[in-house]
Amino acid sequence: MGLSHRIQDHLGRIKALNYRLPAAGAHRRLQLNELEKIQRDAYDNTAIHKAKVKAYHDKQIHQKDFELHLFPDKLRSRWAGPYVVEHVYPHGAVDVLNPINGKSFKVNGQKLKPFLGSFEVGEPNEELIDPVYTVDPLI
């Protein structure tokens, strides 16, 4: 076989492929359409499955009524009225005294807030003196 026969053979094969190109394109478009349909069906099936699972889990939830009278002491605050600070520890704890019943207990100092209401004013136990300011020679 000569070179011209090989060229003619290759050209003949290329022409045969070119003749089949529109049919191949149509087949490829058909495959793509089928793939898109499969994808849409899968998406719809996931939505249906999600709705069924949600309905199942929602059916498992039971309504509960929380009655407040079952545990009234848990919601009642222990902090009623003003307290007097007895001792402040270096690590932030504070001993406070309830002036009504005389009980003292230790609390976290960061939880305390200043009491700005009226309070019985009595005579101070110690005499207040004016502060003495010194001048720092390094300034």
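Counting of residues starts from 1 at the beginning of each chain's written sequence and follows it residue by residue. Note on the predicted model: pLDDT of at least 70 is required for a residue's local features to be given, and 80 or more for side-chain atom pairs to be given and counted; whole-chain, interface and lining totals, by contrast, use all residues. Remark: hydrogens and water are excluded; side-chain values derive from all non-hydrogen atoms of the structure.

**With respect to the overall build of the chain**
The way it works is that DSSP assigns letters per residue, a run of H or I at least four long becomes a helix, a run of E at least two long becomes a strand, and they are numbered from the N terminus. Scanning the chain from N- to C-terminus turns up two helices and three strands. Listed N to C, the secondary structure of the chain is α-α-β-β-β in terms of helices and strands. Relative accessibility thresholds used throughout: buried, under 20% of the residue-type maximum; exposed, over 50%; partly exposed, between the two (1.4 Å probe, protein chains only). In the chain, which comprises 139 residues, the share counted as buried stands at 5%. In this description, contact between two residues means that some pair of their heavy atoms is separated by no more than 4.5 Å. The long-range share in the chain, meaning contacts at least 24 apart out of those at least 6 apart in sequence, stands at 12%. In these tables, accessible area is a Shrake-Rupley quantity obtained with a 1.4 Å probe, and a residue counts as shielded only by the protein chains included in the view. Accessible area for the chain stands at about 14,100 Å²; split by element, carbon and sulfur atoms hold 59% of it.

**Focus: the side chain of N98**
Structurally, N98 can be placed in the loop between β2 (93-97) and β3 (104-108). As used in this structure description, the phrase polar contact means that two N or O atoms lie within 3.5 Å; if the pair is within protein, one of them must be able to donate a hydrogen and the other to accept it, and residues adjacent in sequence are counted only when both atoms belong to side chains. Engagement of the side chain of N98 in a polar contact is seen with the side chain of N101, the distance being 3.3 Å. With residues up to four places along the chain from it excluded, the contact list for N98 reads Y83 and K103.

**Structural notes on the packing of aromatic side chains**
To describe a pair of aromatic rings, one takes the distance between the centres and the angle between the planes. Stacked, tilted and edge-to-face are the three classes assigned to paired rings of Phe, Tyr and Trp, where Trp is represented by its six-membered ring and a pair needs centres within 6.5 Å; plane angles under 30 degrees give stacked, over 60 edge-to-face, the rest tilted. Scanning all chains against the criterion turns up one aromatic pair. With a centroid separation of 5.7 Å and 80° between ring planes, the pair formed by Y83 and F105 is classed as edge-to-face. Of this pair, Y83 sits in the loop between α2 (72-75) and β1 (84-88) while F105 sits in strand β3, and the two are 22 residues apart along the sequence. Sitting above the plane of the Y89 ring, K106 keeps its charged end 4.4 Å from the centroid. Look at NZ for Lys and CZ for Arg. If either is within 6 Å of the ring centre and within 35 degrees of the ring normal, a charge sits over the ring.

**Some words on the confidence of the model for the chain**
A residue's pLDDT is simply how confident the predictor is in it, with values from 0 to 100. Mean pLDDT for the chain: 78, with 71% of residues reaching 70 or above. When mean pLDDT is compared element by element in the chain, β2 scores highest at 89, while α2 scores lowest at 56.

**Things to note about a nonpolar patch on the surface**
Surface patches are defined over residues having more than 30% relative accessible area and no salt bridge, joining like charges when they lie within 9 Å and nonpolar side chains (Val, Leu, Ile, Met, Phe, Trp, Tyr) when within 5 Å. Put simply, a salt bridge is a Lys or Arg side-chain nitrogen that is within 4 Å of an Asp or Glu carboxyl oxygen. On the surface, a cluster of nonpolar side chains totalling about 270 Å² of accessible area is made up of I7, L11 and I14. Counting through the fold element by element, I14 comes out in helix α1 (residues 3-60).

**Examining the sheet that holds β1**
Pairing in this open sheet of three strands is antiparallel, and the strands run β1-β2-β3 from one edge to the other. Every other strand in the sheet has two partners, leaving β1 and β3 as the edge strands with one partner each. Sheet twist, expressed as the mean angle between neighbouring strand axes with direction ignored, is 35°. Strand pairing follows a simple DSSP-based rule, namely that at least 2 bridges must link the two strands. In terms of strand pairing, β2 meets β3 through five bridges, oriented antiparallel. Its bridge partner lying in β3, D95 is registered against K106. As a rule, the C-alpha atoms of each element are fitted with a line to give its axis, helices using only the stretch in contact, and angles between N-to-C directions run from 0 to 180 degrees.

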